[in-house]
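# Chains, contacts and geometry: an overview
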Amino acid sequence: MLKVTNVGKTYGKFTALENINLEVADGEFLAVMGPSGSGKSTLINVLGLLDQSYTGEYLLEDKNYKDVNDNELSQIRGDQLGFVFQNFKLLTTYNVYENIEIPLVYSKKKQNKKHEMVEDVIKKVGLTGKEKNRPSELSGGQQQRVAIARAIVNRPKLIIADEPTGALDSKTGKEIMEIFTKLNQVGTTIIMVTHDSEVAEYAMRTVYIRDGRLYNDEKSVKNHD
Ligand code: ADP
Ligand code: ADP
């Protein structure tokens with residue numbers, strides 16, 4: 001799915017990522033753990049083609065998108081990637097259906113096909129009957145279900161989730177993780193940032209980030225203290 005080689009990132013004099021090497025296979029479910037400020041968001045911004053000002057090489061499905069312009073990048077993100085955030089990032093004036101339909105707005109698919117795709121993901125995340133509700137009328141867990149449905153409606157190859165359970169109580173968080181597990185079981189590759197080791201257990205593999213460096217296990221992080 002993706003390969004990161006010697007990736008580095010600085011903000012002025014501050015090194016946010018240093019010599020990152022990471023390969024993620026098709027169908028993997030990877031958790032990225034690390035303390036606040038360690039570089040997790042910076043890393044997933046690179047992986048999600050949201051940040052192009054890094055050093056080193058990043059290949060997504062063997063392609064390098066470094067010299068691609070912003071318009072094309074938005075297109076590629078829309079077609080190939082799905083994003084889920086801690087704070088859901090739903091449009092408050094849109095209802096559930098309209099939020100989920102957003103990634104399909106510029107798609108050339110026929111209207112009835114789009115309708116089928118939206119209803120299909122609404123069912124998958126368990127929100128049937130809530131189509132006309134606004135986000136403010138939903139619980140946090142339901143809002144995150146909307147965000148997940150929006151992320152998967154285009155059937156992306158890769159889902160990038162940044163603290164998807166961070167704003168939820170642990171029971172609701174588990175329900176959300178069960179949705180991710182199911183998506184992964186049907187072949188979707190998932191990269192998820194989390195602070196929570198219980199949440200990370202849903203993943204197949206965990207990597208750790210500390211002061212902008214990536215480690216394959218917790219022990220090697222501690223050995224660098
Ligand atoms: P995490 O997601 O692990 O909390 P981030 O990737 O957001 O960490 O940030 C890593 C480090 O880079 C932090 O010290 C943060 O303050 C710094 N940082 C992040 N974004 C910027 C920015 N736009 N300008 C300057 N420093 C930044
Ligand atoms: P997260 O909750 O994912 O760790 P943050 O709250 O650290 O995210 O950062 C939110 C946004 O602010 C990000 O886009 C990040 O790049 C930016 N940011 C973080 N730290 C700094 C900083 N020291 N200076 C400028 N921008 C920053």
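Provided above is the structure to which this section pertains.
Residues numbered from 1 in each chain as written. Chains lettered and ligands numbered in written order. Predicted model: local features only at pLDDT ≥ 70, side-chain atom pairs only at ≥ 80, totals over all residues. Heavy atoms only, no water.

On to the sheet that holds strand β6 (residues 81–85). Overall, mixed pairing links the six strands, which are arranged β6-β7-β8-β3-β9-β10 in an open sheet. Of all the strands in the sheet, the pair left with one neighbour each is β6 and β10 (213–215). Going from strand to strand, the sheet's axes swing by 20 degrees on average, the running direction of each strand aside. Bridge analysis of strand β7 (residues 158–162) against strand β8 (residues 189–194) gives five bridges, and the strand direction is parallel. For I160, the partnering residue across the bridge sits in β8 and is I191. (Pairing = 2+ DSSP bridges. Helix = DSSP H or I, 4+ residues; strand = E, 2+ residues; numbered from the N terminus. Axes fitted to C-alpha atoms, helices over the stretch in contact; angles between N-to-C directions.)

Turning next to the packing of aromatic side chains. All told, the structure shown has one aromatic pair when counted by the stated rule. For the pair F83 and F85, a centre-to-centre distance of 6.2 Å together with 5 degrees between the ring planes defines the contact as stacked. Stacked on the ring of Y54, the Lys or Arg K66 has its end atom at 4.1 Å from the ring centre. Over the ring of F85 we find K89; its NZ or CZ atom is 4.2 Å from the centre of that ring. (Phe/Tyr/Trp six-rings, centres within 6.5 Å; stacked < 30°, edge-to-face > 60°. Lys NZ or Arg CZ within 6 Å of the ring centre and 35° of its normal.)

So, on to the sheet that holds strand β4 (residues 55–60). Strand order in the open sheet made by the four strands is β2-β1-β4-β5, with antiparallel pairing throughout. At either end of the open sheet lies a strand with only one pairing partner, and these are β2 (14–24) and β5 (63–64). Packed onto the sheet, helix α1 (residues 40–47) meets β1 (2–11), β2 and β4 and runs at close to 55 degrees relative to β2. (Contact = heavy atoms within 4.5 Å.)

Here we come to unusual backbone geometry. Positive phi, normally seen in glycine, also occurs at F88, with a value near 70 degrees. Overall, F88 belongs to the buried group, its relative accessible area being 10%. You will see that K89, though not glycine, has its phi angle at about 55 degrees, which is positive. Relative to the helices and strands, K89 resides in the loop between β6 and α3 (96–101). (Buried < 20%, exposed > 50% of the residue type's maximum accessible area, 1.4 Å probe, protein only.)

A few words now on the site of ligand 1. In the vicinity of ligand 1, the contacting residues are Y11, F14, A16, P35, S36, G37, S38, G39, K40, S41 and T42. Within the backbone of G37, a nitrogen or oxygen atom sits 2.7 Å from an oxygen atom of ligand 1. The separation between an oxygen atom of ligand 1 and a polar main-chain atom of S38 is 3.1 Å. Compared with its free state, where it exposes 560 Å², ligand 1 has 57% of that area covered by protein. Contributions of two or more residues to the shell around ligand 1 are made by β2 and α1. (Near = heavy atom within 4 Å. Polar contact = N/O pair within 3.5 Å; in protein donor to acceptor, adjacent residues only side chain to side chain. Areas by Shrake-Rupley, 256 points an atom, 1.4 Å probe, with all protein chains shown as cover.)

This paragraph deals with the nonpolar core. Ranked by internal contacts, the top residues of the largest apolar core, which has 40 residues, are I100, I148, F180, L183 and M192. Those elements that provide at least two residues to this core are β3 (29–33), α3, α4 (111–124), α5 (140–152), β7, α6 (170–185), β8 and α7 (197–200). The element best represented in this core is α5, accounting for six residues. The next biggest cluster of nonpolar side chains, apart from the first, holds 31 residues, and it includes L2, L49, L81 and I209. (Core = buried A, V, L, I, M, F, W, Y, C linked by side-chain atoms within 4.5 Å.)

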